[in-house]
Amino acid sequence: MLPELDKMLQQKGIRPTAMRLLVLDYLLQQTAAVSLNNLESYFLRSDRITLYRTLKTFEEKGLVHHIEDGSGSVKYALCPDDCTTQEHHDLHVHFFCNQCRETFCLPKSHIPEIALPSQFKTEEVNLVVKGTCGSCSSK
């Protein structure tokens, strides 16, 4: 698995370090977006600043995108393969579960194009649907 992780980082122009490999491996195992606090809880002996810088590097290089779901904590999820340093292609809906408080990417649910007045320029679009996820609703 390590050579695959190493290759994923190198393809995005990210120098593989032990922490970056560990964080990437952790992100690949998740079904929901993660916050910096999630990472801190998982990597108990790691420095918060190092984890934050790892996430920011991943975001700058198009490996992850951030999600502001209204919970007060920014969350991060892996990007599609075609995201780059210059442009993220993660314009999809996110779902925030009010019960378990997890945020999920819904890549097959695209954000509709919004017609703005000509003098307005879109820089970022974020659509979060809130409700109950499948796991919580089946309990």
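This one's a predicted model, so the numbers in the text were calculated from it and none came from an experiment. (Residues numbered from 1 in each chain as written. Predicted model: local features only at pLDDT ≥ 70, side-chain atom pairs only at ≥ 80, totals over all residues. Heavy atoms only, no water.)

## Re the layout of surface pockets
Of the volumes computed, that of the second largest pocket is approximately 230 Å³. Along its surface, the second largest pocket is lined by 16 residues, and His65, Ala77, Leu78, Cys79 and Cys105 are the ones closest to its centre. When residues of the lining of the second largest pocket are assigned to their parent elements, the largest contribution, three residues, is made by strand β3 (residues 75-78). When grouped by side-chain class, the residues that make up the lining of the second largest pocket number twelve nonpolar, four polar and no charged. (1 Å grid on protein atoms, 1.4 Å probe; cavity = no way out; pocket = protein on both sides within 12 Å on 5 of 7 lines; lining within 4 Å. Points joined across faces, edges and corners; volume = space filled by probe spheres on them. Helix = DSSP H or I, 4+ residues; strand = E, 2+ residues; numbered from the N terminus. Nonpolar A, V, L, I, M, F, W, Y, C, P; charged D, E, K, R; others polar.)

## Things to note about the UniProt feature "binding site: Zn(2+)" (unreviewed entry) in the protein
When the UniProt feature table is mapped to this numbering, "binding site: Zn(2+)" (unreviewed entry) covers Cys97, Cys100, Cys133 and Cys136. Spatially, the listed residues are clustered: although they cover 40 residues, their C-alpha atoms lie within 8.1 Å of one another. Mapped onto the secondary structure, Cys100 falls in the loop between β4 (92-97) and β5 (103-110). If we ignore the near neighbours within four places in the chain, the residues touching Cys100 are Cys133 and Cys136. Residue position: Cys133 is located in the loop between β6 (128-131) and α5 (134-137). (UniProt positions renumbered as here; feature names shortened; annotations may be inferred. Contact = heavy atoms within 4.5 Å.)

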